[in-house]
Amino acid sequence: MKTAGRLTLLVAVLIVSMLACNLPGAGNANPPAGNTPTLPALQEAPAVTPTDTVIPPTSTPSLPPEITLTKNSNCRLGPSTYYVIIDQITENKVLPVIGRNDGDTWWQVVNPTGRQCWIFHENASANSDFSTVPIGDAPPLPYRPQNFRVTDQLCQPGPKIFTVSFGWSGGGGETSFRLFRDGKQLIEVKAGKYNYKDTKAPLNKNITYEIEAVNGNGISERAVQIVTACK
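Residues numbered from 1 in each chain as written. Predicted model: local features only at pLDDT ≥ 70, side-chain atom pairs only at ≥ 80, totals over all residues. Heavy atoms only, no water.

Draft legend 1. Seen up close, the pairing of strand β9 (residues 161–169). The element β9 is largely enclosed, with a buried count of seven among its nine residues. As defined by bridge partners, strand β8 (residues 146–156) adjoins β9 across eight bridges and the pair is classed as antiparallel. Across the sheet, residue C155 finds its bridge partner in β9, namely F162. Hairpin remark: β8 followed by β9, antiparallel, with four residues in the connecting loop; positive phi at K160, about 60°. In this sheet, strand β12 (residues 195–198) lies alongside β9 in antiparallel orientation, the contact comprising four bridges. (Buried < 20%, exposed > 50% of the residue type's maximum accessible area, 1.4 Å probe, protein only. Helix = DSSP H or I, 4+ residues; strand = E, 2+ residues; numbered from the N terminus. Pairing = 2+ DSSP bridges.)

Structure representation (structure tokens):
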């Protein structure tokens, strides 16, 4: 009987032990100090600030200044008809423009042989606005003759003789003078000569005399004298 009681007690202890192992919290004793694992701190991603996309401005490349001739044209040494003609250029030729005059009425160009000369603006069309093109240089012209006057005249209607004498002075820069009667050249005299006698002046009409100074670049404006008819 004692043996049976002990066996029953042993079985009871065993059952209690087994039940204790299945109780909640069993085996959850705190871990030893210092062995608690440390999780790394969370790091936030840096904020991204949106930026505007900069698109560089597009620019139209500027065209080099050029003219296209609309007719056959004289190309002169300077910007006026007083300058000598150094080239004659045909219609439709395209020429680079390197200068202009103050009034924008003449264009300084480079001709097909590489020489600089001037074209009148009405003889060409421009490919752009030439306001930024610099004022071009031109060689000096002679000054107009000064003090052009009649110094003497002899009118003899009977023998049909009419002579008119003239005097003048130089304005500067000339190499010669040209004298005209009614638009036709009478004579060209060297600089330093300041008089002339027209021994064959026509009768019965007013006569227009003109004189201009000349140098290698061109001519001056003309001085004018009108002589009353010899009748």
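On we go.
Draft legend 2. Quick look at the state of the cysteines. Using the criterion set out here, one finds two disulfides in the structure. A sulfur-sulfur separation of 1.9 Å characterises the disulfide bridge that pairs C75 with C117. Between C75 and C117 the sulfur-sulfur dihedral comes to about 90°; the bridge is accordingly right-handed. Here C75 is found in strand β2 (residues 73–76), whereas its partner C117 is found in strand β6 (residues 116–120), with 42 residues between them in sequence. Note on C117: relative accessible area 0%, which makes it buried. Disulfide pairing is shown between C155 and C230; the S-S distance is 1.7 Å. (Disulfide = S-S within 2.5 Å.)

Draft legend 3. Summary view of the environment of P202. Take P202: it is sitting in the loop between β12 and β13 (207–215). It is 8.4 Å that separates the C-alpha atoms of P202 and I161, two residues lying 41 residues apart in sequence. What P202 contacts, discounting residues up to four positions off in sequence, is F162, R181 and I207. (Contact = heavy atoms within 4.5 Å.)

Draft legend 4. Here's a closer look at the sheet that holds β12. Across the sheet, which stays open at both edges, the three strands sit in the order β8-β9-β12 with antiparallel pairing between neighbours. Two strands in the sheet have a free side with no partner beyond their single neighbour: β8 and β12. Adjacent strand axes in the sheet meet at a mean angle of 15°, parallel and antiparallel pairs treated alike. (Axes fitted to C-alpha atoms, helices over the stretch in contact; angles between N-to-C directions.)

Draft legend 5. Structural view of the packing of aromatic side chains. Scanning all chains against the criterion turns up seven aromatic pairs. Between W107 and F130 the ring centres are 4.9 Å apart and the planes differ by 85°, which places this aromatic pair in the edge-to-face class. With W107 in strand β5 (residues 106–110) and F130 in the loop between β7 (124–126) and β8, this pair connects stretches of sequence that are 23 residues apart. Comparing W107 with F130 shows no difference in burial state: the two are buried. Each ring, one from F166 and one from Y209, has its centre 4.3 Å from the other, and the planes form 55°; the classification is tilted. Residue F166 is located in strand β9, and its partner Y209 is located in strand β13; the two are separated by 43 residues in the primary sequence. Residue class for Y209 comes out buried when judged on its relative accessible area of 0%. Members of the aromatic cluster, connected to one another through ring pairs, are F148, F166, W168, F177, Y194 and Y209. It is R222 that lies over the ring of F180; its NZ or CZ is 3.7 Å from the centre. (Phe/Tyr/Trp six-rings, centres within 6.5 Å; stacked < 30°, edge-to-face > 60°. Lys NZ or Arg CZ within 6 Å of the ring centre and 35° of its normal.)

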